[in-house]
Each structure stands twice: as C-alpha cells, then as structure tokens.
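Spelled out, the chains give:
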Amino acid sequence: MTDDATTGSERTLSRRTLLQRAGLAAAAVGVGVGGGLAACGGDNETPGLVDQDINAVEFPPLPPTTTSVTSFFTRDEAQTVDAIVGRLIPGDASDPGAREAGVPRFIDTKLAQFASFATPTYFDPPFAKPVVLPPGPQDAPTKAIAVQKSELPRYGFQGSSTPQDAYRAGIASLDAFTKKQHGVRFVELDEARQDAVLSVVEAGKAGGWPDAGDFFKLVLEDTYEGMFSDPIYGGNHGFAGWKLVGYPGAQRAYTPHELENGPQEKRVQGLRDMAAMNPGVPQDHVILPMAGTRMDPNMDMGDK
C-alpha cells in the first residue's frame, strides 16, 4: 500500500487500484447485501432485517455513525477498525472515504446483530484449499477440499471460528505485532507506517501471526460491503461509495438505451427512497421495496 494521505491525485490512484481489486462486486453489493443478511435469519437465530415483512421505508433506523457507542467492539477495538478502514479507502469530509461513509459502524452493527453474517459460512471442515488447476473428483475429503482458485470466492467464510472471533483475535494480533515492531498500538502509528504494516499483514508476513492475511481479507471484504451496500444497512452514508463508482443505487427500471449505455442522469437513491409501486395492494411475498403494502383489514374499499 502507498501513502495517499495528502493529495487528491494520489488518493484517486489508490482508490482506483482498490476498486479494480474489488471488481464488479463492489457495485453489485448495492443490492446484494440484503440477500446476505436475509440468509442469516433462522428459527434459532435473530432474524435478519430483510426477513421482516415490511416496506423498505419502515426499516428500523440503525445507530448513527457519529456516536462513539458501539454494539460489539470495545472502545480500543473500534479505534483499531476505524484506523484500518481509514487506510483501505482514505478520505476526508470533502471527499469521503470508508471512515466518513460509516463503514466502522456498518461492521460493528453486523457483528452485533448476526451470528454469522458471511454467506455462505463454513465453520467445520473440510475447508476449501485453493489450487490453480481444476482439481477433479475428490474422494470424501475430511480436512481440506481442493477448489480452483478462481472459484474460491463462492465458498464464503472458511474457518472454525466465527467472524466475531476472527475480528477479536485479529485486532489483538495486529496490535501485538505493531507493539513488537514499533512499541505502540496500530492506531498510534502515523498513516505511512499504518500503510506499511497493512502491506505486511496483507502479504501474510507478520511473523508469529499465521492468520494475518486472512484477517486482512476479512476486513477488506467487509469494507467493500460497508462502502458500497445500500445505506439502509448502516454504511455508504450520503451515497459516498456509489458516487465514487458512478452507481445510481436502487432504481425501479432502466430504459433499453440505459441498459446499453449506462444510467442517464438518474438521481442516486437507496431502498428507503423508493416508494411502493402499488400502494394498498396486498402482497404475499417480499422483494424490497415491496411492490405494494399490506391492506388494512378495516379499510372500506367501497365498490372497488
């Protein structure tokens, strides 16, 4: 990673590189995160927000990003996560990055509300092991299963610990590493040294910390989600991420011309901004925002 804390051109280069690494998934998560949260609900779990049969405009508000109160992280952990995402997608008040877009709050809320927010999530072996060539048939693997490297993202979170455990252990290991190397916690380093440390962590070369690369990947993926998901989930404040990539957000439809040439002067908006297509028409399914709203059983429909 490079030090892009000063000029706009340097920041643009850093962001362009990051977005290229994120690929199309960064923009696609504008509608995809909802499905991930929904999948976490279950009979024995706290339901995901989108499991509720309500209109998008009726979603309960998430904690504001400006508060210092956290739901999952301790104060020190929250400071470390804030510093990490602030270097992954740097910004300021006039040119928002991950910190300004509320990504730390997004991650904290997800960890607090869902037992496993990565979908799919695998806590038991065999765990996916990336290989370059197609692995072919494998006879009942028990510890590891070979998966072509290009297909690995389809296999979700892999590990015997939950994402919550992975974050807590990773943050502790990061601070232990920086204290050994520099005598202070990660948040106490200047931005250039933070970048240098994250480069070592990303490469998995932080001595004595075998899971360093996995932790970096976990935080990076969640930073993508928080930056580019719909604001209804707590991140992407002011549509900062969507404006960065030129994505108009949640739209009812596109014209054939727009499908071929891209959105034409559309107002950037989120799920909460979309009114129901057919208010008053009962719906038995949920596709947010709902096509209609539930009918009031006491409503007098007259001759309709």
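Residues numbered from 1 in each chain as written. Predicted model: local features only at pLDDT ≥ 70, side-chain atom pairs only at ≥ 80, totals over all residues. Heavy atoms only, no water.

Draft legend 1. Structural view of the overall build of the protein. Check the secondary structure of the protein and you find nine helices and four strands. Tracing the protein from N to C terminus, the helices and strands come up as α-α-α-α-β-β-β-β-α-α-α-α-α. Counting over 304 residues, the protein shows a buried share of 39%. Residue pairs at least 24 apart in sequence account for 59% of intrachain contacts in the protein once pairs closer than 6 positions are excluded. (Helix = DSSP H or I, 4+ residues; strand = E, 2+ residues; numbered from the N terminus. Buried < 20%, exposed > 50% of the residue type's maximum accessible area, 1.4 Å probe, protein only. Contact = heavy atoms within 4.5 Å.)

Draft legend 2. Broad picture of the nonpolar core. Ranked by size, the top nonpolar core spans 43 residues in total, and within it F73, I84, I107, Y167, F186 and M227 carry the most contacts. For this core, the secondary structure elements donating two or more residues are α3 (75-88), α4 (103-113), α5 (163-182), α6 (191-202) and α7 (212-228). With sequence-adjacent residues up to four places away left out, I107 is seen in contact with F73, V81, V85, Y167 and D222. (Core = buried A, V, L, I, M, F, W, Y, C linked by side-chain atoms within 4.5 Å.)

Draft legend 3. Structural view of the packing of α3 against α4. Axis separation between α3 and α4 bottoms out at 9 Å; the angle between their running directions is 130 degrees. As judged from the angle between their axes, α3 and α4 are oblique. Seen from above, α3 lies across α4 with right-handed handedness. Seen from α3, the contacting residues are V81, D82 and V85; seen from α4, they are V103, P104 and I107. (Axes fitted to C-alpha atoms, helices over the stretch in contact; angles between N-to-C directions. Parallel < 35°, antiparallel > 145°, perpendicular 65-115°, else oblique. Left-handed = near helix turned anticlockwise from the far one by under 90°.)

Draft legend 4. How the structure looks around the side chain of S229. With respect to the secondary-structure elements, S229 resides in the loop between α7 and α8 (240-245). The class of S229 is buried, set by a relative accessible area of 0%. Looking at S229, its side chain comes within polar contact range of the main-chain oxygen of E225, at 2.8 Å. (Polar contact = N/O pair within 3.5 Å; in protein donor to acceptor, adjacent residues only side chain to side chain.)

Draft legend 5. Structural view of α4. Counting buried positions along α4 yields nine of 11 residues, so the element is predominantly enclosed. By the burial criterion, the buried members of α4 are V103, P104, R105, F106, I107, D108, T109, K110 and L111.

Draft legend 6. Fine view of the pattern of salt bridges. As enumerated under the stated definition, the model contains 10 salt bridges in all. With a shortest N-O distance of 3.7 Å, E191 and R87 are connected by a salt bridge. Of this pair, E191 sits in helix α6 while R87 is found in helix α3, placing the two residues 104 residues apart along the sequence. The class for E191 is partly exposed, based on a relative accessible area of 37%. The buried category is assigned to R87, whose relative accessible area is 4%. D108 is paired through a salt bridge with R105; the nearest N and O atoms lie 3.4 Å apart. Placement of both D108 and R105 in helix α4 is noted, with a separation of three residues, approximately one turn of the helix. (Salt bridge = Lys/Arg side-chain N within 4 Å of Asp/Glu carboxyl O.)

Draft legend 7. Highlighting the environment of G262. Along the chain, G262 turns up in the segment after α9 (256-261). Since its relative accessible area comes to 19%, G262 is described here as buried.

Draft legend 8. Structural view of the packing of aromatic side chains. For the coordinates displayed, the defined rule picks out six aromatic pairs. Three or more aromatic residues link up through ring pairs in this structure, and these residues are F72, F73, Y167, W209 and F215. Over the aromatic face of F72 sits the side chain of R168, whose NZ or CZ is 4.1 Å from the ring centroid. (Phe/Tyr/Trp six-rings, centres within 6.5 Å; stacked < 30°, edge-to-face > 60°. Lys NZ or Arg CZ within 6 Å of the ring centre and 35° of its normal.)

Draft legend 9. Looking closely at the confidence of the model for the protein. Here the protein averages 75 in pLDDT, and 66% of its residues register 70 or above. Mean pLDDT across the secondary structure elements of the protein bottoms out at helix α2 (residues 25-39), with 34, and peaks at α3, with 96. The low-confidence segment residues 1-13, where pLDDT is below 50, has 24 contacts with residues more than four positions distant or belonging to other chains. (pLDDT = per-residue confidence, 0-100.)

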